[in-house]
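Listed below, chain by chain, are the residues.
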Amino acid sequence: KNQVEQSPQSLIILEGKNCTLQCNYTVSPFSNLRWYKQDTGRGPVSLTIMTFSENTKSNGRYTATLDADTKQSSLHITASQLSDSASYICVVSVEGSSASKIIFGSGTRLSIRP
Amino acid sequence: NAGVTQTPKFRVLKTGQSMTLLCAQDMNHEYMYWYRQDPGMGLRLIHYSVGEGTTAKGEVPDGYNVSRLKKQNFLLGLESAAPSQTSVYFCASSFGQGAAFRPYEQYFGPGTRLTVT
């Protein structure tokens, strides 16, 4: 069964600190992996998209890594800011299938404390 | 360029009532999607469309109907609302499904919070 699992479910860190969010997936065949940021009361907004040939991708203070062999991805946030408080969602797509095969993780809720 | 917009933002229905959620996009995208988001769960696909005049079922289609009469609009209908349909509904759009080497971005609307009592 195609699944995407994220950990931790929630995380609280102090402003200025770094953190890493994890995503494990059992999707096959793999097409691409995305990380989204979802602010409270808003829709998800894309941070990165990675194909199987990419193992690192950065977007400002956000760096995503992908290990297609172990089927794991991480999202590293550097020098956190209060505006980083949000849910972070890992999404994996199945290759060669219909538009319905986009599997969403349940997200990690990150809170940044001043 | 407004991106993806959804109306209404909030709605409270009584069990058995009907309503239609409207999604509009101004990016000339072919693909449009309706998702629901419930606490502790990932977004789940209700229905989607790969072009004007087409619709297809997603993971949780029961109790919902959709229509895509115009390329820029995707409507989600609840014919007889049930408390189990209390959720936050998101619309999304993309140019296409893409391929492994060239995935297309999905753009999401701000969501509609629906409560069925």
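Reference entry: report on the structure contained in this document.

Quick notes on the rules
- Residues numbered from 1 in each chain as written.
- Chains lettered and ligands numbered in written order.
- Predicted model: local features only at pLDDT ≥ 70, side-chain atom pairs only at ≥ 80, totals over all residues.
- Heavy atoms only, no water.
- Contact = heavy atoms within 4.5 Å.
- Buried area = accessible area lost by both parts, 1.4 Å probe.
- Salt bridge = Lys/Arg side-chain N within 4 Å of Asp/Glu carboxyl O.
- Helix = DSSP H or I, 4+ residues; strand = E, 2+ residues; numbered from the N terminus.
- Pairing = 2+ DSSP bridges.
- Axes fitted to C-alpha atoms, helices over the stretch in contact; angles between N-to-C directions.
- Core = buried A, V, L, I, M, F, W, Y, C linked by side-chain atoms within 4.5 Å.
- Buried < 20%, exposed > 50% of the residue type's maximum accessible area, 1.4 Å probe, protein only.
- Phe/Tyr/Trp six-rings, centres within 6.5 Å; stacked < 30°, edge-to-face > 60°.
- Lys NZ or Arg CZ within 6 Å of the ring centre and 35° of its normal.

1. Here's the deal with the interface of chain A and chain B
In this assembly, 24 residues from chain A lie in contact with 22 residues from chain B. Taken together, the two surfaces of chain A and chain B that pack against each other cover about 1800 Å², and 58% of this comes from carbon and sulfur. The interface formed by chain A and chain B holds 1 salt bridge in total. A:Arg34 serves as the salt-bridge partner of B:Glu105, at 4.0 Å between the closest nitrogen and oxygen. Listed by contribution, the elements that provide at least two residues to the side of chain A that touches chain B are strand 4 (30–38), strand 5 (45–51), strand 9 (86–94) and strand 10 (102–104) of chain A.

2. Points about the sheet that holds strand 8 (residues 73–78) of chain B
All names here are of chain B. What the 4 strands build is an open sheet, ordered 1-3-8-7; its pairing is antiparallel. Looking at the sheet topology across the chains shown, the edges are occupied by strand 1 (4–7) and strand 7 (64–67). This sheet shows a mean twist of 20 degrees between the axes of neighbouring strands, independent of strand direction. As paired elements, strand 3 (residues 19–25) and strand 8 share 6 bridges and run antiparallel to each other. The partner of Thr20 across the bridge, within strand 8, is Gly77.

3. With respect to the nonpolar core
Soluble globular proteins tend to pack their nonpolar side chains together in the buried interior. In this structure, A:Val4, A:Tyr25, A:Leu33, A:Trp35, A:Leu75, A:Tyr88 and A:Val92 are the most contacted members of the largest nonpolar core, which totals 25 residues. Among the secondary structure elements, those contributing two or more residues to this core are strand 3 (19–25), strand 4, strand 5, strand 7 (62–67), strand 8 (72–77), strand 9 and strand 11 (108–113) of chain A. In terms of residue count, the dominant contributor to this core is strand 9 of chain A (5 residues). Within the second largest apolar cluster, 19 residues are counted, among which are B:Val4, B:Met27, B:Tyr64 and B:Leu76.

4. Overview of the packing of aromatic side chains
Here the distance between the centres and the angle between the planes together describe a pair of aromatic rings. By the definition in use, this model includes 10 aromatic pairs over all chains. For the ring pair A:Phe104 and B:Tyr35, a centre distance of 5.0 Å and an interplane angle of 70 degrees mean the geometry is edge-to-face. Taken together, the positions of A:Phe104 in strand 10 and B:Tyr35 in strand 4 (residues 31–37) put the pair across two chains. Across the pair, exposure class does not vary: A:Phe104 and B:Tyr35 are buried alike. Taken together, a centroid distance of 6.4 Å and an interplanar angle of 50 degrees make the contact between B:Tyr31 and B:Tyr33 tilted. Judged by relative accessible area, B:Tyr31 falls into the buried class, the value being 16%. Note on B:Tyr33: relative accessible area 2%, which makes it buried. Put simply, the rings of A:Tyr36, A:Phe104, B:Tyr31, B:Tyr33, B:Tyr35 and B:Phe108 touch in pairs and so form one group of aromatic residues. For A:Arg61, the ring lying beneath its charged end belongs to A:Tyr62, and the centroid distance is 5.8 Å.

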